[in-house]
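# Structural characterization, general
Here are the chains, one letter per residue:
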Amino acid sequence: MENLLNQALSMVNMAIFRRQQNAQYFLVYASQPWFERCIPNAKINSYLTLAGTSHFLDDFLLDADEFWQQGSDKLLQSEVWKENLHTATMTLQAVAYVKDGNEFLIIKDAALEYQNRQDTLQTARESMIEHQQLMDSHFSAQNRLENMLTQAESQTQQSLQLLEALDHADLGVIVTDNKQGILLQNPASFQLFSIEKSSLDNSPLSQLKRILGHQLPEYTNLLSSGRRWDGELYYTDATNNEKWFQATLFTIKNQYGETAFIVYLITDITRLKHLVKLNETLYQQDILTELPNRQSLFAYISQQMANNIPLKLTCINIKRFSLFNKHHGYTKGDQILNSFASWLSSNFSQAKYIARIGGDEFALIDCPVSGNDILTLNQNTKWQIDNQSVDLMLSIAEVESPIYGRDINELMKNLDLAMHLSRPCFESKFKLFDEQVKASAELTLIIEKNLPMALENDEFELYLQPIIDVVSGEVIQAEALIRWNHPKHGMISPEDFISIAEQTGAIIPIGNWVITKTCEYAKRFNDLDKKIKISFNVSPIQLASNDLLQHLQYEVSRHELQRGQLEVEITENIMVSNIDQYQHLFKHCKELGISIAIDDFGTGYSSLSYLTKFPVDKLKVDRCFIAKVLENHTNKTIVEAVISLANSLNIDIVAEGIETQDQSDFLADKNCTSLQGYYYSRPLPYQTFCQFILSNNAG
């Protein structure tokens, strides 16, 4: 059997590695002498470090690490790439997969496959195959460049060497800093726009901005909010030569969640346009779905507006579609896009216009049903790929003209604002643009623009809300609550900025600041001989980060805190998301003397069995149950059941949102141990909180 396996393996040049810890790989099998040309002196049944072997392989291993952590039973394949080695040029491909709990990496010879692909390009279906190849190259370059720039601050020299390779790329690459200062415009970008590199008053970036200003007027909003866009752009040069570009716009964040780089990628697809459709009217058609494209939609809207005809524009975005492409591959992604386009055409045929306006965005004009109806129909649709069910989450925005758009620029910007508010949550959502949405969207843009600097400018404040012991009536604990005091816009609610901080990654440094400040206050209470425990909330994003425990250990040690002074609050749904990881974290929290509280208990989807699996010390009954506890029989029953459950498990119980004496009396009568709410006190600055303790607590 083993000989047969080796014989089969020898038919294909490849190397098989089993991934170990600390970036080590155990070489299980390798075709000789082919593999010796890849990695000289490597021996079978030995350990290797592959990092630095190939820039392309390094990029793929970053994706593979995420893939292996997911434990997927699928394959993750790289694009085919060429390596110039000492003796020859090799065409390679990498594959990652999981088998029986082991993580494997295959590097194989893809020369024959590559040559077959090249031969096929010269035969039937040339245009569509070339389109796929161009898109593969375009998005592969996008992924590699994003990885390069992400490492730019920590590995400057290496990143600069990688960027030099872009001088030989076929696609145009423009990189700027966060102020739109040009850092890189590769030779291809000048060629695409027919500009001489010596030109002082013209540049690829200025030409691209001019095109975007006409064809994607909302692009500045996209970039300022850190979102990615890809789609087609039309360009006419100085000699009236027409060109079509596949363009991608995205930003790169630094470790603090701030925009470090803005990247524009441009691929010339003019030849494809001519090959696919020679008729000028079909220049305005999306190649993949055969729907009208963005330019066609704009022409239609402009005509309607010129004739003073009101219209309703609906935009549909497939959420997290880039992750779908990354996991399943662009070919499967294209299948989903085609299926979705057909679904729109068949179910909403009464709409006056249906178009694909971006990589994962579609638009309908005067659709007879609302966005909520579209969401409902989508939820009842069984999407499938490779005989497996796929859930498509949608963001839908809607705007009406002329009420919220007297010209196409205003209409599209307002549509983008509504879409921006429908994207953050991880479920399907619909937003109709109105005055309230306009105000909310403007606030969101203000937050996104100012949040990266808020920590550096010391604009955050930590308030403390008293928690009262039912028996003694004294303050025994406080919940630490962050506030953002912006110098221009005043106090900004956590409800407005926390979700944005989670999306941008800024929640990690903000969360660390909360922990540090909480420990500082706890140390002050020690110095004042006040036995006040402080609880603080931890975001699911921060819980999943690798440095949370280390930061907790450091701050507890630095401030010389005693056991029982701190409590971490987590939401109920976290308990079901990653049991093993969080059990490990909470175990170490307990060792540090930090207790565990479940916040907003009763609003999530966890099973009661999880209370026995986690070292839970306290349950906090959500305010939504307390608000109507005296009037609503269901609320009363739920609150009584939770209090009884906590008491029987010897777990402390806190009722949140107490606003009246009657609520306080009812909960005390039901043996609720602690109470919190505006009836006792709003969240207070530290000094005001200390005064509250002095006036409230005896002695």
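Given the structure is predicted, the values throughout are model-derived calculations rather than measurements.

Our focus in this paragraph is unusual backbone geometry. Excluding glycine, a negative phi dihedral is what most residues carry, and trans is how most peptide bonds are arranged. With omega at 10°, the peptide bond leading from Ser-401 into Pro-402 counts as cis. By the secondary structure assignment, Pro-402 is in the loop between strand S18 (394-401) and helix H15 (408-422). With a phi close to 65°, Glu-290 is a non-glycine residue in the positive phi region. Looking at the secondary structure, you find Glu-290 in the loop between helix H10 (270-276) and helix H11 (294-306). A relative accessible area of 54% places Glu-290 in the exposed class. Residue Asp-529 is not a glycine yet carries a positive backbone phi of 60°. Tracing the backbone through its elements, the reader meets Asp-529 in the loop between helix H18 (507-527) and strand S23 (533-537).

In the sheet, strand S4 (residues 76-77) pairs with strand S6 (residues 89-99) via two bridges, with the strands oriented antiparallel. When the bridges of S6 are listed, Gln-77 appears paired with Val-95. With eight bridges joining them, S6 and strand S7 (residues 102-109) adopt antiparallel strand pairing. Each residue of the ladder has a partner; that of Tyr-97, found in S7, is Phe-104.

It is at 9 Å that the axes of H18 and helix H20 (residues 548-558) come closest, and there the two elements cross at 20°. When the interaxial angle is binned, H18 and H20 end up roughly parallel. The two elements H18 and H20 cross, and the hand of that crossing is right-handed. Residues Asn-512, Ile-515, Thr-516 and Cys-519 of H18 touch H20, and the partners they reach there are Leu-548, His-551, Leu-552, Glu-555, Val-556 and Arg-558.

Time to look at the sheet that holds strand S12 (residues 259-268). The five strands lie next to each other as S9-S8-S12-S11-S10, forming an open sheet whose pairing is antiparallel. Since the sheet does not close on itself, it has two edges, and those belong to strand S9 (182-185) and strand S10 (229-236), each with one partner. Going across the sheet, the axis of each strand differs from the next one's by a mean of 20°, ignoring polarity. Relative to S12, strand S11 (residues 242-253) runs antiparallel, the two being bridged by nine bridges. Within S12, the residue paired with Leu-249 across the bridge is Tyr-264. Each of strand S8 (172-177), S9, S10, S11 and S12 is contacted by helix H8 (residues 204-215), which is oriented at about 105° to S10, the strand it contacts most.

Among all positions of helix H26 (residues 686-696), only Tyr-686, Phe-689, Cys-690, Phe-692 and Ile-693 are buried. Mapping the buried residues of H26 onto a view down its axis gives an arc of 155°, with all of them on the same face. Turned more than 90 degrees away from the buried face of H26 sit Gln-687, Gln-691, Leu-694 and Ser-695, all of them exposed.

Bringing the nonpolar core into the picture now. Residues Leu-451, Leu-619 and Leu-667 are the most contacted members of the largest nonpolar core, which totals 74 residues. A total of 10 residues in this core trace back to one element, the largest contributor, which is H18. Those residues in contact with Leu-619 that lie beyond four places of it in its chain are Ile-598, Phe-601, Leu-611, Val-642, Ala-646, Ile-651, Asp-652, Ile-653 and Val-654. Core analysis: the next-biggest nonpolar cluster, separate from the first, contains 27 residues, Leu-48, Leu-61, Trp-81 and Met-90 among them.

This part covers the packing of aromatic side chains. Summed over all chains, the structure comprises 21 aromatic pairs. Residues Phe-460 and Phe-497 carry aromatic rings whose centres are separated by 5.8 Å and whose planes lie at 40° to one another, so their mutual orientation is tilted. Here the residue Phe-460 occupies a position in strand S20 (residues 460-469), and Phe-497 occupies one in helix H17 (residues 494-504), the gap between them amounting to 37 residues. Considered together, Phe-460 and Phe-497 belong to a single accessibility category, that of buried residues. Arranged with centres 5.5 Å apart and planes meeting at 85°, the rings of Trp-484 and Phe-497 form a pair that is edge-to-face. Residue Trp-484 is located in strand S21 (residues 475-486), and its partner Phe-497 is located in helix H17; the two are separated by 13 residues in the primary sequence. For the pair shown, Trp-484 and Phe-497 are each scored as buried. By way of ring pairs, the aromatic residues Phe-340, Trp-343, Phe-348, Phe-362 and Trp-383 are connected into one cluster.

For the rest of this paragraph, the subject is the pattern of salt bridges. With the rule as written, the count across this model stands at 18 salt bridges. For Lys-620, the salt bridge is made with Glu-569, and the minimal N-O distance between the two is 2.9 Å. With Lys-620 in strand S26 (residues 618-621) and Glu-569 in strand S24 (residues 566-571), this pair connects stretches of sequence that are 51 residues apart. The exposure class of Glu-569 is buried, given its relative accessible area of 1%. For the salt bridge of Glu-591 with Lys-587, the shortest nitrogen-to-oxygen distance reads 2.9 Å. One end of the pair, Glu-591, and the other, Lys-587, are both in helix H21 (residues 579-591), four residues apart, so they sit about a helical turn from each other. Residue classification places Glu-591 among the partly exposed positions, given a relative accessible area of 47%. One network of salt bridges, with partners in common, ties together Glu-479, Glu-569, Lys-620 and Glu-656.

Another aspect to go through is the environment of Asp-65. Position of Asp-65 among the secondary structure elements: in helix H3 (residues 55-70). Overall, Asp-65 belongs to the partly exposed group, its relative accessible area being 24%. In sequence terms Asp-65 and Arg-19 are 46 residues apart; their C-alpha atoms lie 9.9 Å from each other. Side-chain polar atoms of Asp-65 contact the side chain of Arg-19, separated by 3.1 Å.

A word on the confidence of the model for the chain. The predicted model of the chain has a mean per-residue pLDDT of 80, with 81% of residues at 70 or higher. Counting contacts from residues 1-11, a segment whose pLDDT is below 50, to residues more than four positions away or on other chains yields six contacts. Across residues 119-125, where pLDDT falls below 50, the model places six contacts with residues more than four positions away in sequence or in other chains.

Here the focus is H20. The complete set of buried residues in H20 reads Leu-548, Leu-549, His-551, Leu-552, Glu-555 and Val-556. For H20, the buried positions fall inside an angular range of 160° around the axis, keeping them on one side. Those residues of H20 that are exposed and angled more than 90 degrees off the buried face are Gln-550 and Ser-557. Once H20 ends, the next one or two residues include Glu-560, with phi positive near 55°.

Where H18 contacts H26, the two axes come as close as 12 Å, and the packing angle between them is 35°. When the axes of H18 and H26 are compared, the crossing they make is right-handed. In this structure, H18 uses Tyr-521, Arg-524 and Phe-525 to contact H26, whose residues at the interface are Tyr-686, Phe-689, Cys-690 and Ile-693. Across the contact of H18 with H26, the residue classes break down as six nonpolar, no polar and one charged.

Parameters and conventions
Starting afresh in each chain, residues are numbered from 1 along the sequence in its written order. Only residues with pLDDT of 70 or above have their local features reported here, since the model is predicted, and side-chain atom pairs are shown and tallied only from 80 upward, although totals for entire chains, interfaces and linings are computed over all residues. Side-chain numbers come from the whole structure's heavy atoms, not from hydrogens or water. Helix numbers and strand numbers start at the N terminus; a helix is a DSSP run of H or I with at least 4 residues, a strand a run of E with at least 2. When accessible area is computed with a 1.4 Å probe and restricted to protein chains, residues below 20% of their type maximum are described as buried, those above 50% as exposed, and intermediate ones as partly exposed. Each pair of strands is called paired provided DSSP finds at least two bridges between the two strands. The angle between two axes is taken between their N-to-C directions and runs from 0 to 180 degrees, where each axis is a line fitted to C-alpha atoms and a helix contributes only its stretch in contact. Working definition: roughly parallel below 35 degrees, roughly antiparallel above 145 degrees, roughly perpendicular at 65 to 115 degrees, and oblique for all remaining angles. The hand of a helix crossing depends on one turn: near helix anticlockwise from the far one by less than a right angle means left-handed, and clockwise means right-handed. Note on contacts: a residue pair qualifies if any of its non-hydrogen atoms lie within 4.5 Å across the two residues. Note that the arc is defined by the directions from the helix axis to the C-beta atoms. Throughout, nonpolar core names a set of buried Ala, Val, Leu, Ile, Met, Phe, Trp, Tyr and Cys residues whose side chains join them through atoms within 4.5 Å. For Phe, Tyr and Trp, rings pair up if their centres lie within 6.5 Å, where Trp contributes its six-membered ring, and each pair is then called stacked (planes under 30 degrees apart), edge-to-face (over 60) or tilted (otherwise). Any Lys or Arg side-chain nitrogen located within 4 Å of an Asp or Glu carboxyl oxygen qualifies as a salt bridge. We define a polar contact as two N or O atoms separated by no more than 3.5 Å, with the added condition that, inside protein, one atom must be a possible hydrogen donor and the other a possible acceptor, whereas residues neighbouring each other in sequence contribute only through side-chain atom pairs. Summary of the metric used: pLDDT quantifies the predictor's per-residue confidence within the range 0 to 100. As a working rule, the residues Ala, Val, Leu, Ile, Met, Phe, Trp, Tyr, Cys and Pro are called nonpolar, Asp, Glu, Lys and Arg charged, and the rest polar, with Gly in that last group.

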